[in-house]
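Per-entry structural report
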Amino acid sequence: MNQKNRSIMSNNPIVSVLKGNAGILSVLIILCIIISCATDKFLSTTNIISVLRQISINTYIALGMTFIIILGHIDLSVGAIVAMSGTLTVGFIVNQGMPIAAAIIAGLLLGVITGVISGVIVSCFRVPAFIITMAMMNVANGVAYVYSGGQSTRISDEFFINIGTGYLFNIIPLPVVYMVILIGICSFLLSKTKFGTYVYAIGGNREAARLSGVPIKKVEIIVFTLSGILSAFAGLVLCSRMYSGQPSVGSGYELDAIASCVLGGTSMTGGKGKISGTVIGAMVIGVISNGLNLIGISSYWQLIVKGLIIACAVLLDGQKSKLSSLKKKTIQK
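This text gives an overview of the structure that appears in the document. Just so we're clear, the structure is a prediction, and the values are computed from it rather than from any experiment. (Residues numbered from 1 in each chain as written. Predicted model: local features only at pLDDT ≥ 70, side-chain atom pairs only at ≥ 80, totals over all residues. Heavy atoms only, no water.)

Moving on, we come to the packing of aromatic side chains. Scanning the entire structure with this criterion turns up four aromatic pairs. Between tyrosine 178 and phenylalanine 233 the ring centres are 5.5 Å apart and the planes differ by 75°, which places this aromatic pair in the edge-to-face class. In this pair, tyrosine 178 sits in helix H9 (residues 174–192) while phenylalanine 233 sits in helix H12 (residues 216–242), placing the two residues 55 residues apart along the sequence. Of the two residues examined, tyrosine 178 and phenylalanine 233, each falls in the buried class. Of the aromatic side chains, those joined through ring pairs into one cluster are Tyr60, Tyr178 and Phe233. (Phe/Tyr/Trp six-rings, centres within 6.5 Å; stacked < 30°, edge-to-face > 60°. Helix = DSSP H or I, 4+ residues; strand = E, 2+ residues; numbered from the N terminus. Buried < 20%, exposed > 50% of the residue type's maximum accessible area, 1.4 Å probe, protein only.)

This part covers the nonpolar core. In terms of nonpolar packing, the biggest core is built from 85 residues, with Tyr60, Met65, Phe67, Phe160, Val199, Val223 and Ile275 touching the most fellow members. In this structure, phenylalanine 160 is in contact with Thr89, Val90, Ile93, Ile100, Ile104, Ile155, Leu236, Cys239 and Ser240, ignoring residues within four places of it in sequence. (Core = buried A, V, L, I, M, F, W, Y, C linked by side-chain atoms within 4.5 Å. Contact = heavy atoms within 4.5 Å.)

Turning our attention to helix H13 (residues 253–263). In terms of residue burial, H13 counts as a mostly covered element, since nine of its 11 residues are buried. Within H13 the residues assigned to the buried category are Glu254, Asp256, Ala257, Ile258, Ala259, Ser260, Cys261, Val262 and Leu263. Glycine 265 lies just past H13 and shows a positive phi near 100°.

What follows concerns the side chain of serine 118. Along the chain, serine 118 falls in helix H6 (residues 100–125). If we skip the residues at most four places from it in the chain, serine 118 touches Ile132, Thr133, Met136 and Phe224.

Let us look at a nonpolar patch on the surface. A cluster of nonpolar side chains, namely Ile295, Ile297, Trp301, Ile304 and Leu308, defines an oily patch on the protein surface of about 490 Å² accessible area. Sorting elements by how many residues they give to the nonpolar patch places helix H15 (residues 299–332) first, with three residues. Position of tryptophan 301 relative to the elements: it lies in helix H15. (Patch = residues over 30% accessible without salt bridge, like charges linked within 9 Å, V, L, I, M, F, W, Y side chains within 5 Å. Areas by Shrake-Rupley, 256 points an atom, 1.4 Å probe, with all protein chains shown as cover. Salt bridge = Lys/Arg side-chain N within 4 Å of Asp/Glu carboxyl O.)

On to the packing of H6 against helix H7 (residues 129–148). Running from N to C, H6 and H7 point in directions that differ by 150°, and their axes come no closer than 10 Å. As judged from the angle between their axes, H6 and H7 are roughly antiparallel. For H6 against H7, the interelement crossing comes out right-handed. Taken together, the residues of H7 that come into contact with H6 (itself represented by Thr114, Ile117, Ser118, Ile121 and Val122) are Ala129, Ile132, Thr133 and Met136. Across the contact of H6 with H7, the residue classes break down as six nonpolar, three polar and no charged. (Axes fitted to C-alpha atoms, helices over the stretch in contact; angles between N-to-C directions. Parallel < 35°, antiparallel > 145°, perpendicular 65-115°, else oblique. Left-handed = near helix turned anticlockwise from the far one by under 90°. Nonpolar A, V, L, I, M, F, W, Y, C, P; charged D, E, K, R; others polar.)

If you want it as structure tokens, here you go:
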């Protein structure tokens, strides 16, 4: 292969994604092979579409979490926002008789408001994101339970249900279509805009970013707001799929989102991560859950597996950081 062809290959975005995520892609392929050997149902068209539909909800949330973690923070409120947004959106339609469009906008605004509050407190008052988002998690969960009285609210409106259960061309589930669109938007924001450069700069070295004139407070507020609206959108699609608004549905979603990000190579110390890695990480989580279900393993064991995956991924990330530091010191000497 001549120099020109090599240059073309290196600039190919697909090749770049494959090279940059070779490790996690290998894990995904190995998992698929193991599960397909254990059950012949795994590679069926129906099951593959089901897996894509299942991972879509986690992917919406994980996209926002990727921005948060690259920034050097964490957001524990995402699962609660899913529950609050979905429960109240359905309630607005069923109980208050609100038009569907207005109820959807109101549900998304709840996510925006929650994100803005977290972002303002983190950026302006320098409260650790772990603390404030944990507080907002309790607030959002409380709002969902108080509004619904702890009961699920059924909805039968065909248009609303179609949001989460419909198909494009009677083939591709609409949640998967939304996922592809959001992946494209978030990838563009993070890799092709000044905003994305600012996110990496703040996560890599906050003080250097401040001295360079990066509007840190503004960027942090926008990122938390983005996480809030993506979580609210996930709640909207989820309650549409479930034909109901349930205040308990968001439990544990923050763990799946964090696991997807960390598995995809997003560093918990900030400054490093890619949307493509997060998407593949979400696929790994989805394949594990689906595979364990097909094999007949209890959902309780799935929690253990996910916890171990996060622990291993964080340990590997820590080792990578140490090796990177040692290389830099060696080069400087």
